[in-house]
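Observations on chain architecture
Here are the chains, one letter per residue:
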Amino acid sequence: MSDTDATPKLDFRKGLPFRDLPDGTPVAGRVDDDDVIVVRQGDELFAIGAHCTHYHGPLADGLVVGDTIRCPWHHACFSLRSGEALRAPALDAVTCWRVERAGDTVFVREKIGDPPRRRPAVSPASVLIVGGGAAGLAAADMLRREGYDGPLTMISADDSPPVDRPNLSKDYLAGTAKEDWIPLRGPEYFSEQRIELVLGARVSRLDPAGKRVVLADGQAREYDALLIATGAEPVHLDLPGATKDQVRYLRTFADSKAIVGELSAAKRVLVAGASFIGLEVAASLRTQNVDVHVVAPDRQPLERIMGAEVGKFIRKLHEGHGVTFHLGATIQSVSGRSATLSDGSTVDADFIVAGVGVRPAIGWVEQAGLRIDRGIAVNECLETSAPGVFAAGDVARWPDPHTGERIRVEHWVVAERQGQTAARNILGRGERFALVPFFWSQHYDSVINYVGHAEKWDAVDIDGILDAQDCTVTYRLNGRTLAVATVGRDKASLDAEARIERKALR
């Protein structure tokens, strides 16, 4: 559509009638050259930037909850009063404008400056973050936003600064995202925020009593407060006959770049695993015109996580894009380019990408005396059994108020939000982590949004048509809604998240 065909945007400088602002519904327009939304909540009026700072999602299509607005794409949450990014995945604020009502007309005036700098209730002598992924970066960012001025160090086993990990199996692997889009923050950020970033370093031992960690090279690092955010490590396959270079795993930026480097000469790739990583890799490689075969022991892709009907939909979607499935089977051995499966068939492939699950990276923690429960056990404030030591992300098992169980979730947004909560609690906020888990998974042009957490269910209700990519899938146990998956219904996903939150609060 050309600019001349586009519907003219409302000019908020010129004003608009108060009656044209429905209560709680964003109205999109512009202020000079900026896209802006105006929101009325009762008699209060707010104006903020129209696009989420994460992936530029349209906030005009979002959900207003109290004095906040949530992005329809990946559920980032912003304050309508200050523009601050309150919940990941967005880390940066949106701009705010002053709104003035003159009689029955509403005008948007000048931009509002940043809110006053906060002062933390508690200020540790030093904070150490072990882990350079989603939780670690989000925690470091929040510590500085909350006014912590003390020494702040991040120790990461990765060779790269914190990156947008979901992109590694999605757009970057598909060739539609540039390499310089992948870092979550540029190198200048760490110097400007006075964050010491130590890369390529592994912690081998934790001494909670002495408040220090020991690195693999023998160097010791002391701390006053510690956040463990080491994430998870891929489960490795034992494939007789396979060389090291034949089997690829996808966890780090280096892993994704290595796979991309193979694609120029690869004609066929065998993917082991039909869960999210395996299927997203399959979709990305098909976008690159690589022949893809997927082998997995499951009856349907994603059946264990999302049920048989969603599994059938995902299978048809991938088969429609040329993916060949070998379900109910595993790879038994490899000879040259040929992989023998457990059903006796063979598949020729240039290399194998394995996505068969991950394990929390906590080997160095287990001998430190912290309580371990298939992960690091934490309380509702994400503090471990050792005072002053917190855990967030894939390593943490916490008491979930929505299911009433202790759970551990391996999702990017959950890790970021836990990092943010842990940071505030390091500074004495005493904040309970009670947010609803959320993740999204992209397969070609189809995106599944999932809120809640359901390890088991006794009823699945499907509203709409999966094959039309317009549906809501609700997972219930004993009549209680535990999780909701949507395809093509972003607003319904936001509504479901808000409903699950409200039930937990009651």
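No experiment lies behind these values; they were computed from the predicted model shown.

**Some remarks on the packing of helix α1 (residues 134-145) against helix α9 (residues 412-426)**
Axis separation between α1 and α9 bottoms out at 7 Å; the angle between their running directions is 35°. Along this stretch, α1 crosses α9, giving a crossing that reads as right-handed. In this structure, α1 contributes Ala134, Ala135, Ala138, Ala139, Met142, Leu143 and Arg145 to the contact, and α9 contributes Trp412, Ala415, Glu416, Gly419, Gln420, Ala423, Arg424 and Ile426.

**A few points about the sheet that holds strand β20 (residues 247-249)**
Pairing in this open sheet of 5 strands is parallel, and the strands run β20-β27-β21-β22-β23 from one edge to the other. This sheet does not close on itself; its edge strands, each paired only once, are β20 and β23 (324-327). Here the average twist between neighbouring strands, direction ignored, is 25°. Sheet topology places strand β22 (residues 291-296) next to β23; 4 bridges connect them, and they run parallel. What sits directly across from Val295, in β23, is His326.

**Overview of the pattern of salt bridges**
Summed over all chains, the structure comprises 45 salt bridges. For Glu110, the salt bridge is made with Arg98, and the minimal N-O distance between the two is 2.7 Å. Taken as a pair, Glu110 in strand β11 (residues 105-112) and Arg98 in strand β10 (residues 96-102) lie far apart in primary sequence, 12 residues in all. Of the charged contacts in the structure, one is a salt bridge between Arg145 and Asp141, with a shortest N-O distance of 3.0 Å. With Arg145 and Asp141 both in helix α1 and 4 residues apart, this pair spans about one turn of that helix. Salt bridges sharing common partners tie together Glu84, Asp92, Arg118, Asp141, Arg145, Glu146, Arg185, Arg424, Arg429 and Glu431.

Analysis parameters
- Residues numbered from 1 in each chain as written.
- Predicted model: local features only at pLDDT ≥ 70, side-chain atom pairs only at ≥ 80, totals over all residues.
- Heavy atoms only, no water.
- Axes fitted to C-alpha atoms, helices over the stretch in contact; angles between N-to-C directions.
- Helix = DSSP H or I, 4+ residues; strand = E, 2+ residues; numbered from the N terminus.
- Left-handed = near helix turned anticlockwise from the far one by under 90°.
- Contact = heavy atoms within 4.5 Å.
- Pairing = 2+ DSSP bridges.
- Salt bridge = Lys/Arg side-chain N within 4 Å of Asp/Glu carboxyl O.

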